[in-house]
Amino acid sequence: MKTSGDDFRWLQLDALRAFAVFAVLLTHFSPTLQNLLPGLGFAGVRLFFVLSGFLITGILLRCRDHIAAGSSTAGWQLRQFYVRRALRILPAFYATLLIAAALGMGSAGTTFWWHFFYASNFLFAWRGAWLDLVTHFWSLAVEEQFYLFWPWLVLFVPERRLPLLIGLACVLGPVSRLISLLVAPTNFVAAIVLTPACLDQLGAGAFLAWLWHERNLTPVRQRWLSRGGAVLFIAGLPLWLCPPTMRWAVVLGPALQAAGFAALVDGAARGFGGVAGVLLTWRPLLWTGQISYGLYLLHNFSHWWAPRIMRQITHYRQAYFSSEVMHVLYLIALSFVAAALSWYLLERPVNRFKRHFHYAP
């Protein structure tokens, strides 16, 4: 674990981000893999949600500590939280959206305002269908909507009610998906993409953060969490084979995976040893996790750039590799180049301003 002031960074969590983003990239780039493991990409997004719930709730609980100690006010902590989140997320997102709309990438221009106001998931739910190159924006919309209400709840709900709040969030996820399918039995997109439907995944991470903050993880409880999580994680693996049109998998699958991922996040936050520890601290994997936001944000637009670049290289003789494996590697390479440029030219320079907005007074 690395710490700097009020910033906490667990290195092995960066590696988990890398695995999550690779799951999404491979699903979006490989038709063969998408047919074999249709749930793989969704599993990657759910791992991102669990990580987000854990890290964001952990930050907010430490903000509560500052407020309780009388060293700052709730208003001051909320300002710091939202400024820091804005610096991390908004510049790269809006730069990507503006460029995509200006160049006519897919439907980025015709649906611009939905994405601009982080309402992409409402658009897809309303249409009951995905939309070409901007499909992945739905999860970014969920994250932003989560940030709008979750800090207020964590900071202002009485401390003794926090476990109940987090538990209700976890229950609301599958209940929301069930109600959605009862109301619109064929609209599986709406059952997946609306924010209430994702609260069990965000809530699983939040519950883990609460356990860490309350120091309720004795060695015995930690072993039970790890073993139980491992069982749930293994039980959830077949869900990667399930298409997102199986009702029981849509309703119960995300909660099952979220519980397993929470145990995985707990282990990575504590630091796995052995072979797993060596793998999760491998520098290329850590770097991939570091730029994972840019990778996720930009990867789908590689479908737009790839044929244009290929035609230039081959003098218009071909737009795609004949081998799917080679074409997937080509798309991944383009995504990494774009994400690296985003990180070094935009995201990292902007992130440096976060040092002026510490949580600790």
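Just so it is clear, the model here is predicted, and its values are computed rather than measured.

A.B. asks: Got a minute to help me understand the nonpolar core in this structure?
C.D. replies: Side chains of nonpolar character tend, in soluble globular proteins, to be buried together. Residues Leu13, Phe54, Trp138, Trp150 and Val265 are the most contacted members of the largest nonpolar core, which totals 101 residues. When residues of this core are assigned to their parent elements, the largest contribution, 15 residues, is made by helix H3 (residues 40-68).

A.B. asks: Teacher, can you tell me more about unusual backbone geometry here?
C.D. replies: Most peptide bonds adopt trans geometry, and most residues besides glycine take a negative phi value. For Tyr118, which is not glycine, the phi torsion reads 50° and is therefore positive. With respect to the helices and strands, the residue Tyr118 is situated in the loop between helix H5 (112-116) and helix H6 (120-127). Residue Tyr118 is classed as buried on the basis of its relative accessible area of 9%. Of note, Asp132 is a non-glycine position whose phi angle comes to about 25°, a positive value. Relative to the elements of secondary structure, Asp132 occurs in the loop between H6 and helix H7 (137-156).

A.B. asks: How should the confidence of the model for the chain be read in this particular structure?
C.D. replies: A low pLDDT means the predicted coordinates there should not be read in detail. The pLDDT averaged across the chain works out to 91; a share of 93% of its residues lies at or above 70. Residue range residues 1-8 is modelled with pLDDT below 50. Its contacts to residues more than four positions away, or to other chains, number 15 contacts.

A.B. asks: Is there a simple way to think about the environment of Phe122 in this case?
C.D. replies: As for its placement among the helices and strands, Phe122 is situated in helix H6. Phe122 gets classed as partly exposed once you look at its relative accessible area, which sits at 44%. Beyond its immediate stretch of four places on either side in the chain, Phe122 contacts Trp114, Gln145 and Leu194.

A.B. asks: For this particular structure, what's the right way to read empty space enclosed by the protein?
C.D. replies: Per the stated rule, a full pass over the model turns up 2 cavities of 30 Å³ or more. There is about 110 Å³ of room inside the largest cavity. What lines the largest cavity is simply Pro38, Gly39, Phe42, Arg46, Ile192, Leu239, Cys242, Pro243, Pro244, Ala249, Val250 and Gly253. When contributions to the lining of the largest cavity are tallied by element, the ones reaching two or more residues are H3 and helix H12 (247-270). The element contributing the most residues to the lining of the largest cavity is H12, with 3 residues. Considered as a void within the structure, the second largest cavity measures approximately 60 Å³ in volume. If you trace the second largest cavity, you find it lined by Phe42, Arg46, Trp138, Arg177, Ile192, Ala197, Cys198, Gln201 and Pro254. By residue class, the composition of the lining of the second largest cavity is 6 nonpolar, 1 polar and 2 charged.

Scoring rules and cut-offs
- Residues numbered from 1 in each chain as written.
- Predicted model: local features only at pLDDT ≥ 70, side-chain atom pairs only at ≥ 80, totals over all residues.
- Heavy atoms only, no water.
- Core = buried A, V, L, I, M, F, W, Y, C linked by side-chain atoms within 4.5 Å.
- Buried < 20%, exposed > 50% of the residue type's maximum accessible area, 1.4 Å probe, protein only.
- Helix = DSSP H or I, 4+ residues; strand = E, 2+ residues; numbered from the N terminus.
- pLDDT = per-residue confidence, 0-100.
- Contact = heavy atoms within 4.5 Å.
- 1 Å grid on protein atoms, 1.4 Å probe; cavity = no way out; pocket = protein on both sides within 12 Å on 5 of 7 lines; lining within 4 Å.
- Points joined across faces, edges and corners; volume = space filled by probe spheres on them.
- Nonpolar A, V, L, I, M, F, W, Y, C, P; charged D, E, K, R; others polar.

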